Amino acid sequence: KKKGTQFLAEAAVIGAILCGSDFLFAPLSYGEIQIRFSEALTILPFFTPAAIPGLFVGCIIANLFGGAIPVDIIFGSIATLIGAVFTYRLRSCNRFLAPIPPIVSNAVIVPFVLHFGYGVNLPIPLMMLTVGIGEVVSCGVVGLILQTALLKYKKCDLQITENCKLTIYNNKDIIAKRVCNIIVIRTLFLLLFTPFTVTSFLFTSSENTPPSTSGE
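Residues numbered from 1 in each chain as written. Predicted model: local features only at pLDDT ≥ 70, side-chain atom pairs only at ≥ 80, totals over all residues. Heavy atoms only, no water.

Enquirer: Sorry if this is basic, but what is going on with the overall build of the protein chain here?
Expert: Looking only at helices and strands, the protein chain features 7 helices and 0 strands. Secondary structure of the protein chain in N-to-C order comes out as α-α-α-α-α-α-α. Per-residue burial over the protein chain gives 39% buried out of 216 residues. Within the protein chain, contacts between residues at least 6 apart in sequence are counted, and of these 68% link residues at least 24 apart. (Helix = DSSP H or I, 4+ residues; strand = E, 2+ residues; numbered from the N terminus. Buried < 20%, exposed > 50% of the residue type's maximum accessible area, 1.4 Å probe, protein only. Contact = heavy atoms within 4.5 Å.)

Enquirer: What am I meant to see in the nonpolar core here?
Expert: Generally speaking, nonpolar side chains in soluble globular proteins are found buried as a group. By size, the foremost hydrophobic cluster in this structure holds 17 residues, and its most contacted members are Leu18, Leu41, Leu44 and Leu55. Aside from chain neighbours lying at most four places away, what touches leucine 55 is Ile14, Leu18, Leu41, Thr42, Pro45, Thr80 and Ala84. (Core = buried A, V, L, I, M, F, W, Y, C linked by side-chain atoms within 4.5 Å.)

Enquirer: Explain the packing of aromatic side chains to me, please; I cannot follow it from the model alone.
Expert: Each aromatic ring pair is specified by the distance between its two centres and by the angle formed by the two planes. Summed over all chains, the structure comprises 2 aromatic pairs. Summarising the aromatic geometry, the rings of phenylalanine 46 and phenylalanine 47 are spaced 5.2 Å apart at their centres and angled 80° between planes, so their arrangement reads as edge-to-face. Its relative accessible area of 12% is what places phenylalanine 46 among the buried residues. The ring of tyrosine 88 has arginine 91 sitting right over it, with the charged end atom 3.9 Å from the ring centre. Directly above the ring of phenylalanine 96 sits arginine 95, whose terminal nitrogen or CZ lies 4.3 Å from the centroid. (Phe/Tyr/Trp six-rings, centres within 6.5 Å; stacked < 30°, edge-to-face > 60°. Lys NZ or Arg CZ within 6 Å of the ring centre and 35° of its normal.)

Enquirer: How do you make sense of the side chain of glutamine 147 when you look at a structure like this?
Expert: Residue position: glutamine 147 is located in helix H6 (residues 124-163). Sequence-distant contacts of glutamine 147, defined by excluding residues within four places in its chain, comprise Ile43, Phe46, Phe47, Arg95 and Ala98.

Enquirer: Any chance you could explain the state of the cysteines here in plain terms?
Expert: Disulfides are covalent bonds that connect the sulfur atoms of two cysteines. On inspection of all chains with the given rule, the structure shows 0 disulfides. Cysteine 19 forms no disulfide, and the closest cysteine sulfur to it belongs to cysteine 59, at a distance of 8.5 Å. Taking the relative accessible area as the measure of exposure, cysteine 19 reaches 8% and is therefore buried. (Disulfide = S-S within 2.5 Å.)

Enquirer: Looking at this model, I keep getting lost on the packing of helix H4 (residues 70-89) against helix H5 (residues 100-117). Mind explaining?
Expert: Helices that pack against each other are described as a pair by the angle of their axes relative to one another and the distance between those axes. Running from amino to carboxyl end, H4 crosses H5 at an angle of 165°, the nearest separation of the two axes being 8 Å. By the angle class used here, H4 and H5 are roughly antiparallel. Handedness of the H4/H5 crossing: right-handed. In this structure, H4 contributes Val71, Asp72, Phe75, Ala79, Ile82, Gly83, Phe86 and Thr87 to the contact, and H5 contributes Pro101, Pro102, Ser105, Asn106, Ile109 and Val113. In the contact of H4 with H5, the residues fall into 9 nonpolar, 4 polar and 1 charged. (Axes fitted to C-alpha atoms, helices over the stretch in contact; angles between N-to-C directions. Parallel < 35°, antiparallel > 145°, perpendicular 65-115°, else oblique. Left-handed = near helix turned anticlockwise from the far one by under 90°. Nonpolar A, V, L, I, M, F, W, Y, C, P; charged D, E, K, R; others polar.)

Structural data, given as structure tokens:
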């Protein structure tokens, strides 16, 4: 029962973070050229199966309230689900393979949604390239940074547990809570703080740029 509750809690937290980051960076999250920082979360099935329903439901909610059309809600979420499932299946392989499934699934499916659903008049291969580049940035770069951070903390927790078997760290519930908290805190930091800092820097730079003058 406790494992089921933890599973649902992790899935809900992951879905909520995905929705929040998509809403916060909406101008970058939708369109033929898109970079969804929330896609970094697709690395999480590498650590927990709870991320699979969390990402799937979170994507449905984000698309639903983001003004997406039904075709996008359905097939965009399916693309996320496919990526999450295969990332989980690759968890025992080389860790650098984990971002590949969501990159491929989104690069293949999303351009068809944009073309036939939204009527974007661009060649599908070109949109596969642009969407794929965005996925490489969010999944391949930011996702691997998140993965590295989580692996470091996971290794630290395992070492503590091994060396302190007779202490409180031997309590499985405590360890599970620590891992869950690490996922939440690190994910929020990487997905919200870092992009916000970049956005703020660009906005400040544009404000400090002197206005152009035109002769009359």
